[in-house]
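Working through the structure, step by step
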Amino acid sequence: MKVVTGVVGNDIHVVANRLIDISLEERGFEVFNLGVNTYLEEFMDAVIETDADVLLISSLNGEAEGWCRDLQILKNQYDFRDVVFMIGGNLGVGEMDPEALVPKFQNYGFDLVFHQIDLNEGLDRLEAFLEAR
Amino acid sequence: MNKLYIDIGSTYFKVAQNGVIDQYFRDFNKNILDDLSSKCADVISRYDKKDIYICSSANGGLSTLIIGLTNSFSLKYAINIAFNSGINIIDTVLYPKIESEPVPSEMIDVVIVVGGIDSVEKVFDEKLLAYLEKVKYQNIVYVGTQKNRDFLEKNLENAVILENIISNDLKICEEGLKKYLTDLYQADIVGKEDIKQLYEITDNQIFSTPYIVNRSLPQINERLDVANPFIVVDIGGATTDIHYSRDLVNDNILTESGYDRLVFKKLGVYKSRESLVHTAKNNEFVYELLEHLNVTENILEEQSEKATRILMQLAIFLVLYKVSKHHGDYVELNLDILNSIVLTGGITKVLNQEEVDDIILFFYKKILHFHHAPVILLDRNYEIWTYGIKE
């Protein structure tokens with residue numbers, strides 16, 4: 001299965017990005033790593049060019065909330081029906097209610113949302129989600 | 001025996017021998033070879049055909065229509081390769097929206113179709129064929145996913161199939177398409193009587209000047225006092241080209257030479273003067289700039305030497321503005337970290353160092369809020385193209 005991954009927005013957490021890349025490969029995924037500082041449009045375009053099954057966006061500095069708001073709009077511009085949209089990392093910044101984060105990102109259009117969840121647990125749940133599909 | 005280098009521009013031609021460059025204003029009542037012969041037949045006769053090298057930007061270049069799957073990869077990569085191959089006129093169509101895209105009315109020299117890495121199937125279908133049926137084109141080249149080649153080959157007569165310009169890890173592969181476009185330019189020259197005749201004086205391939213300038217950039221700091229990152233701004237009679245170090249761009253392309261080219265086809269000071277004036281009048285900073293230069297906007301309507309000088313200063317300002325972060329066009333250069341600006345083309349024959357320094361410092365102060373500007377060099381002898389043609 002093909003996964004497009006990378007760190008969204010003005011975020012340079014390259015070590016986390018590399019760990020995600022390695023972990024995905026270890027689990028047998030074909031990984032297209034766009035690296036750090038990636039815009040949402042580039043993620044979507046990479047999914048189209050590679051015909052990927054999963055888009056896994058990570059964010060460590062909490063900016064994802066701002067960068068991913070247009071996901072639904074972009075999803076409407078192409079047929080992404082078979083693609084799983086996943087986001088994980090540290091998704092909030094400042095004074096925020098962690099409980100509200102998951103539904104907020106689900107409303108943006110993500111199928112799987114992991115805020116401050118261990119990487120391996122997140123990937124286990126991704127695999128379970130893909131299998132259930 | 002030394003070699004003779006000739007550059008045929010839209011307004012001047014330049015002849016270089018033994019490190020000395022002479023320039024001649026074109027006589028548009030004569031064809032190029034007759035004009036060249038009338039001005040420097042003696043020089044040409046002293047050289048063997050195999051020792052004469054010619055580049056030209058005078059035949060207008062090829063018009064291109066690129067049909068690509070996404071903006072961030074297929075279209076971006078193909079545009080980059082086309083510009084670096086010396087192509088000036090580029091239209092694009094985003095394939096997912098092809099059914100609502102307008103069809104160009106004029107004849108297109110080459111259509112480029114691109115999309116998908118090699119493992120992706122069924123990217124292009126009948127929608128592409130339906131669109132292409134309405135387009136008037138002479139050549140078509142496919143540089144997309146391998147798995148769609150059969151469909152293109154079966155349905156598009158004369159389609160040239162080349163290696164995918166998008167690698168399996170989403171990087172750019174430029175060589176195949178770049179060579180094809182450069183060869184096509186050559187074939188285009190052969191088809192144009194004016195340039196074709198130049199083969200009477202040379203045995204060597206005639207290249208496009210922008211391609212030659214781009215080729216010269218990796219060695220430019222061995223010959224001129226420039227520091228990376230730098231840009232070369234070639235403001236000519238018909239178009240304005242910018243060649244820039246890739247260090248100035250923050251995106252996903254990594255090309256072999258490390259230098260890319262961008263063209264503003266309507267910012268020349270001679271053949272496209274009207275559109276330059278139009279662009280200037282629509283720029284919010286231009287009136288402040290005119291005030292800084294102690295002139296009014298009426299100067300833009302005048303046909304005087306002073307008006308030409310002002311127009312050239314405006315052209316420098318507009319080009320920098322169009323690649324700055326204040327203008328979200330095709331490319332955004334990080335001008336904050338720029339170390340050198342090299343100006344070449346007809347502009348260096350008219351403006352002096354002080355006038356150029358003044359306008360660039362105005363740009364840096366006004367737009368970027370800096371107190372100083374990069375080091376500015378004027379390539380007064382049009383030397384840059386000779387570095388590339390000697391390769």
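Residues numbered from 1 in each chain as written. Chains lettered and ligands numbered in written order. Predicted model: local features only at pLDDT ≥ 70, side-chain atom pairs only at ≥ 80, totals over all residues.

1. Quick look at the overall build of chain B
A count of helical and extended segments in chain B gives 14 helices and 15 strands. Rg of the C-alpha trace for chain B: 22 Å, near the compact-globule value of 21 Å for 391 residues, within the 12% margin. Along the longest, intermediate and shortest principal axes, the C-alpha atoms of chain B span 60 × 55 × 40 Å. Partitioning the contacts of chain B with sequence separation of at least 6, the portion at a separation of at least 24 is 71%. (Helix = DSSP H or I, 4+ residues; strand = E, 2+ residues; numbered from the N terminus. Rg over C-alpha atoms; globule rule 2.2 N^0.38 Å. Contact = placed C-beta atoms within 7 Å.)

2. Quick look at the overall build of chain A
Across its full length, chain A carries six helices and five strands. Across chain A, helices and strands are ordered from the amino to the carboxyl terminus as β-α-β-α-β-α-α-β-α-β-α. Here the C-alpha radius of gyration of chain A, 13 Å, is about what a compact globule of 133 residues would show, namely 14 Å. Once the C-alpha set of chain A is aligned to its principal axes, its extents read approximately 40 × 30 × 30 Å.

3. Overview of the interface of chain A and chain B
As a measure of interface size, the accessible area lost when the parts come together is often cited. On the chain B side, the residues contacting the 10 residues of chain A number 14 residues. Of the residues forming the side of chain A that touches chain B, the biggest block, seven residues, is contributed by helix α2 (residues 40-50) of chain A. Residues belonging to the side of chain A that touches chain B are distributed by class as follows: four nonpolar, one polar and five charged. (Nonpolar A, V, L, I, M, F, W, Y, C, P; charged D, E, K, R; others polar.)

4. A look at the domain arrangement of chain B
Assigned domains within chain B: domain 1 (4-59 + 192-205), domain 2 (63-181) and domain 3 (220-383). Look at where the C-alpha atoms of domain 2 of chain B and domain 3 of chain B centre, and you get two points 31 Å apart. (Domains from an automatic or database assignment.)

5. Section: the pairing of strand β13 (residues 259-264) of chain B
All names here are of chain B. With six of six residues buried, β13 lies mostly within the body of the structure. Direction of pairing for strand β12 (residues 240-245) relative to β13: antiparallel, over a ladder of six bridges. Bridge pairing links Ser-245 to Tyr-259 in β13. (Buried ≥ 20, exposed ≤ 12 C-beta atoms within 10 Å, placed from the backbone. Pairing = 2+ DSSP bridges.)

6. Some thoughts on the pairing of strand β3 (residues 20-25) of chain B
Residues and elements named next belong to chain B. Across six bridges, the pairing between strand β2 (residues 12-17) and β3 is antiparallel. Counterpart to Val-15 in the pairing with β3 is Asp-22. Taken together, β2 and the strand that follows it, β3, pair antiparallel across an intervening segment of two residues, in which Asn-18 is found at a positive phi of about 50°.

7. Examining unusual backbone geometry
All names here are of chain B. In this structure, Pro-229 follows Asn-228 across a cis peptide bond, with omega equal to -5°. With respect to the helices and strands, Pro-229 occurs in the loop between α8 (220-223) and β11 (230-235). One non-glycine residue, Lys-122, lies in the positive phi region at around 50°. By secondary structure assignment, the location of Lys-122 is in the loop between β7 (108-114) and α3 (126-134).

8. Some remarks on the sheet that holds β2(B)
Residue and element names in this part refer to chain B. Across the sheet, five strands lie side by side as β3-β2-β1-β4-β10; this open sheet has mixed pairing. Each edge of the sheet is formed by a strand with only one pairing partner; in this case those strands are β3 and β10 (207-208). One ladder, built from five bridges, connects strand β1 (residues 4-8) with β2; its direction is antiparallel. Bridge assignment links Asp-7 to a residue of β2, and that residue is Lys-14. Sheet strands touched by helix α1 (residues 32-45): β1, β2 and β3. Its angle to β2, the strand with the most contacts, is close to 30°. (Axes fitted to C-alpha atoms, helices over the stretch in contact; angles between N-to-C directions.)

9. With respect to the environment of Lys325(B)
In this structure, Lys325(B) sits in the loop between α11 (305-322) and β14 (340-344). Considering only alpha carbons, one finds Lys325(B) and Glu121(B), 204 residues apart in sequence, at a separation of 37 Å.

10. Comments concerning the packing of helix α1 (residues 14-26) of chain A against helix α6 (residues 119-132) of chain A
Residues and elements named next belong to chain A. One can describe the packing of α1 onto α6 by two numbers: an axis separation of 11 Å at closest approach and a directional angle of 45°. By the angle between their axes, α1 is oblique relative to α6. Where α1 crosses over α6, the handedness of that crossing is right-handed. Facing α1, whose interface residues are Leu-19, Ile-20 and Ser-23, α6 presents Leu-119, Asn-120 and Leu-123. Of the residues belonging to the contact of α1 with α6, the class tally is four nonpolar, two polar and no charged. (Parallel < 35°, antiparallel > 145°, perpendicular 65-115°, else oblique. Left-handed = near helix turned anticlockwise from the far one by under 90°.)

11. Side note on the nonpolar core
Leu55(A), Ala78(B), Ala315(B) and Ile316(B) are the most contacted members of the largest nonpolar core, which has 143 residues in total. No other element matches the 11 residues that α11(B) contributes to this core. If near-sequence neighbours (up to four positions away) are discounted, Leu55(A) is found in contact with Val4(A), Phe43(A), Val47(A), Val83(A), Phe85(A) and Met86(A). (Core = buried A, V, L, I, M, F, W, Y, C linked by C-beta atoms within 7 Å.)

12. Notes on the sheet that holds strand β5 (residues 112-115) of chain A
Residue and element names in this part refer to chain A. One open sheet accounts for five strands, arranged β2-β1-β3-β4-β5; its pairing is parallel. Two strands in the sheet have a free side with no partner beyond their single neighbour: β2 (30-33) and β5. Shown here is a sheet whose adjacent strand axes are inclined to one another by a mean of 15°, direction ignored. Taken together, the six bridges between strand β3 (residues 54-59) and strand β4 (residues 84-89) define a ladder with parallel strand orientation. Note that in β4 the partner of Val-54 across the bridge is Val-84. The strands touched by α2 within the sheet are β1 (2-7), β2 and β3, with β1 carrying the most contacts at an inclination of about 160°.

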